[in-house]
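Here's the letter readout for the chains.
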Amino acid sequence: MIIQPGELLAQIQAPADLRHLNQEQLLQVCQELRQFIIDNVSIYGGHFGASLGVVELTVALHYAFNTPYDQLIWDVGHQAYGHKILTGRRDLFHTNRKYNGLSGFPKRKESPFDAFGVGHSSTSISAALGMAVASQYKGENDRQHIAVIGDGSMTGGMAFEALNHAGVANANLLVVLNDNCMSIDPNVGALKEYLTDITTSRTYNKLRDEVWGVLGKISKFGPNAQYIASKVESAIKASLLKQSNLFESLKFRYFGPVDGHDIHHLTAVLKDLKNIPGPKILHCLTVKGKGFALAEKDQTIWHAPGTFDKITGEIYRVQYDTPQPPKYQDVFGHTMVELAQQNSKIMGVTPAMPSGSSLNIMMAAMPHRAFDVGIAEQHAVTFSAGLATQGLIPFCNIYSTFMQRGYDQVVHDVCLQDLNVVFCLDRAGFAGDDGPTHHGNYDIAYMRCIPNMVVSAPMNESELRNLMYTASQPDMGPFTIRYPRGQGVMPEWRTPLQQIEVGTGRVIQEGEELTILTFGPIGNYAVEVCKSLKKVGIEIGHYDMRFAKPLDEKLLHQIFQQYDKVITVEDGCLQGGFGSAVLEFMVDHQYHVQVKRLGIPDAVIEHGSQLQLHHDCGYDPEGIERTVREMIFQSVQV
Ligand SMILES: Cc1ncc(C[n+]2csc(CCOP(=O)(O)OP(=O)(O)O)c2C)c(N)n1
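Residues numbered from 1 in each chain as written. Predicted model: local features only at pLDDT ≥ 70, side-chain atom pairs only at ≥ 80, totals over all residues. Heavy atoms only, no water.

## Here's the deal with the sheet that holds strand β9 (residues 422-426)
Strand-to-strand pairing in sheets goes through backbone hydrogen bonds, with the strands running parallel or antiparallel. As a reminder of what qualifies: Any two strands between which DSSP finds at least two bridges are classified as paired. Helix and strand assignments follow DSSP, with helices taken as H or I runs no shorter than four residues and strands as E runs no shorter than two, numbered in order from the N terminus. Each axis is a line fitted through C-alpha atoms, taken for helices only over the stretch in contact, and angles between the N-to-C directions span 0 to 180 degrees. Any two residues having at least one pair of non-hydrogen atoms within 4.5 Å are treated as being in contact.
The strand order across the open sheet formed by seven strands is β7-β6-β8-β9-β11-β10-β15, and the pairing between neighbours is mixed. Strands with a single pairing partner mark the edges of an open sheet, and in this sheet they are β7 (370-372) and β15 (547-549). Averaged over all pairs of adjacent strands, the angle between their axes in this sheet comes to 20°, without regard to strand direction. Summarising the sheet, strand β6 (residues 346-350) and β7 pair through three bridges and their orientation is parallel. Pairing of V349 across the sheet is with F371, part of β7. Seen against the sheet, helix α21 (residues 461-471) touches β8 (393-399), β9, β10 (454-456), β11 (479-482) and β15 and runs at an angle of roughly 170° to β11.

If you want it as structure tokens, here you go:
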């Protein structure tokens, strides 16, 4: 079903069409755009609150700036639905995040208006600064570069690295700080408190009003506007009691805070800021979920609620008659509490994903032992390392894709010192609709090559619990447990905790001639394949290897002696992954066995359901069965 846009929105094929409208019409466009987002997301799902919160900002930015010549970069990009809709993708918007459809994030290949591909946070200022410096170098002095970054994303170290550089680069850069006091969960940390202070500070509000009073007149001052504005601004500042401003200390001109929902004021302010060269920051106050009452009220749930009834606000959930398996993340969350109750050394750490990782269960039960450290993966890792030096056992839960940010810290701060930090990598393997920026494809390969690191993956909920229990034992050293997004397979998952010997696999079934070796929950596909083949009289082996490092060498010796053909299956990249580890073992021990590796090829795999993507990469049940048959059939041919 294609949703019809409102009357004015329907006429906007590109931002140039916006620029002919008057202020009243802009207001109407905002209303229609907000409604269009509500209509679409309620039916097709996706991120919600963030885009609603920046409707006015989006319209004002495209109205005031000459996009795409002026370069507009959205941090993370989950708030860019309005941007997509105004930049020629309205009629395709119903395909957002669907297989072969629009990406849920800005993407350079998708549109010239998407100046930079995003998905991970805190990159926008660096990217915009790079573009601004390039423009300066090329003499394109009329070109504007705008980074729109949320207060949550501003907590990421990269954002500060970029501010530090931009302050002295003297390039033409505007940072729009979209301050809604929220990350996915409520924003945390001292910066959040600082932003609240600055918003309520009398001195600053006074300064702001006076500066804006002057800026309001800039356009009337003609060609000398910049000069006059800078003179007046410094005079006002000098006359006011000096109060330190973080951004001004970093040599940014700070403007605001402004009401990010006042389209008229925003367009005027942005137009004026175009005339002010150098690095500047506009502090906008917005409400996440603006215009949809429930989303304004419960901003975490409405960050990405799934499909819902746009009238009643009821979020649709599939109803089942029988108990369903839990999500892996919930098994993690509940098991954390259970383990921490038994062992006072256990702590929990998450970089800004309390609800996404379900560490919020422990944060509620034991607030002094579970920490949300902000969007700060590097810090989360080294903070955990610090805890571990003091004999504590931190469980640092980071999505596989975001762990890429903290890699040096894993090597340098944790593994070289052989510290007992447990890395629980959620969303390992294909993330699904979020697409390539969020797929957790590389962790087996990037963790496996670091000395001291154990790399494990549970095949089901009970195994996840046992691996967590094992990792919490004394002197385990660095320990990775990876598990995917979504549901497990065991409705009765609260099994007794058992220690597993590190580096041991499990026989699921013995067979003849050919065996499948799996790593992680993907092994459940192999179970299905074995059942299906058994029905036609083909008995193959299946082993759940559990550890990609250390490998169960004893078991592998047996396997390579017993079988002529081996298939490895993993939900991770083929280069350097689990299958590669098995091949290394085979070569090192001079076995001559036919091995076929199934996993993610060396390519950017776009968004789609996990099953669809497994299918495309040939390791869904159908693909695994086909490979088994091909290998058996080939041997018959020979
Ligand atoms: C490096 C990284 N870590 C975590 C995330 C997950 N994430 C996506 S949006 C978001 C919150 C962003 O908050 P903010 O920038 O304030 O934007 P808002 O949603 O409030 O508009 C987080 C933590 C991410 N995208 N990238």
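Next comes the rest of the account.
## Details of the pattern of salt bridges
Opposite charge on two side chains lets them pair, provided their charged atoms get close. Convention followed: By convention in these notes, a salt bridge is any Lys or Arg side-chain nitrogen within 4 Å of a carboxyl oxygen on Asp or Glu. Accessible area is worked out with a 1.4 Å probe on protein chains only. A residue is then buried under 20% of its type maximum, exposed over 50%, and partly exposed in between.
Following the criterion strictly, the structure yields 17 salt bridges and no others. When the shortest N-O distance is used, the salt bridge between R34 and E56 registers 2.8 Å. Here R34 is found in helix α2 (residues 23-44), whereas its partner E56 is found in helix α4 (residues 55-64), with 22 residues between them in sequence. Residue classification places R34 among the buried positions, given a relative accessible area of 11%. A salt bridge links D39 to K310, with the shortest nitrogen-to-oxygen separation between them at 2.8 Å. Of this pair, D39 sits in helix α2 while K310 sits in the loop between α13 (293-297) and α14 (328-342), and the two are 271 residues apart along the sequence.

## Examining the sheet that holds strand β4 (residues 253-259)
Read from one edge to the other, the open sheet built from five strands follows the order β1-β2-β3-β5-β4, with strand pairing classed as parallel. Two strands bound the open sheet, and with one partner strand each, they are β1 (71-74) and β4. Put simply, the sheet's adjacent strands are angled 20° from each other on average, direction ignored. Judged from the five bridges that link them, β4 and strand β5 (residues 279-285) form a sheet pairing that is parallel. Residue pairing for β5: Y254 is matched across the bridge by I281. Along the sheet, α4 makes contact with β1, β2 (145-150), β3 (173-179) and β5, crossing β1 at roughly 160°.

## What about the packing of aromatic side chains?
For clarity, the threshold we go by: In this scheme Phe, Tyr and Trp rings, the latter by its six-membered ring, pair at centre separations within 6.5 Å, and the angle between planes marks the pair as stacked below 30 degrees, edge-to-face above 60, and tilted otherwise.
As enumerated under the stated definition, the model contains 20 aromatic pairs in all. Here Y194 and F247 contribute two aromatic rings whose centre-to-centre distance is 6.5 Å and whose plane-to-plane angle is 55°, an arrangement assigned as tilted. Taken together, the positions of Y194 in helix α8 (residues 190-200) and F247 in helix α11 (residues 246-249) put the pair 53 residues apart, joining distant regions of the chain. Judged by its relative accessible area of 1%, F247 is buried. Clustering of aromatic rings is evident, with ring pairs tying together F48, F292, W302 and F308.

## Digging into the site of the ligand
Which entries qualify depends on this criterion: Throughout, near means a residue has at least one heavy atom within 4 Å of the molecule or strand. Here a polar contact is recorded for every N or O atom pair within 3.5 Å, except that within protein the pair must consist of a potential hydrogen donor and a potential acceptor, and residues adjacent in sequence are included only if both atoms are side-chain atoms. Under the convention used here, a 1.4 Å probe and the Shrake-Rupley method define accessible areas, while residue burial counts only the protein chains that appear. Side-chain classes are defined by residue name, with Ala, Val, Leu, Ile, Met, Phe, Trp, Tyr, Cys and Pro counting as nonpolar, Asp, Glu, Lys and Arg as charged, and the others, Gly among them, as polar.
Within the structure, the ligand sits among 22 residues, and H78, G152, S153, K288 and E377 are positioned closest to it. Between an oxygen atom of the ligand and a side-chain N or O atom of S153, the distance comes to 2.6 Å. E377 places a side-chain nitrogen or oxygen 2.7 Å from a nitrogen atom of the ligand. Here the ligand loses 97% of its free accessible area of 580 Å² to cover by the protein chains. For the shell around the ligand, the class distribution of residues is eight nonpolar, ten polar and four charged.

Remember that the coordinates give geometry; whether it matters functionally is a separate question.
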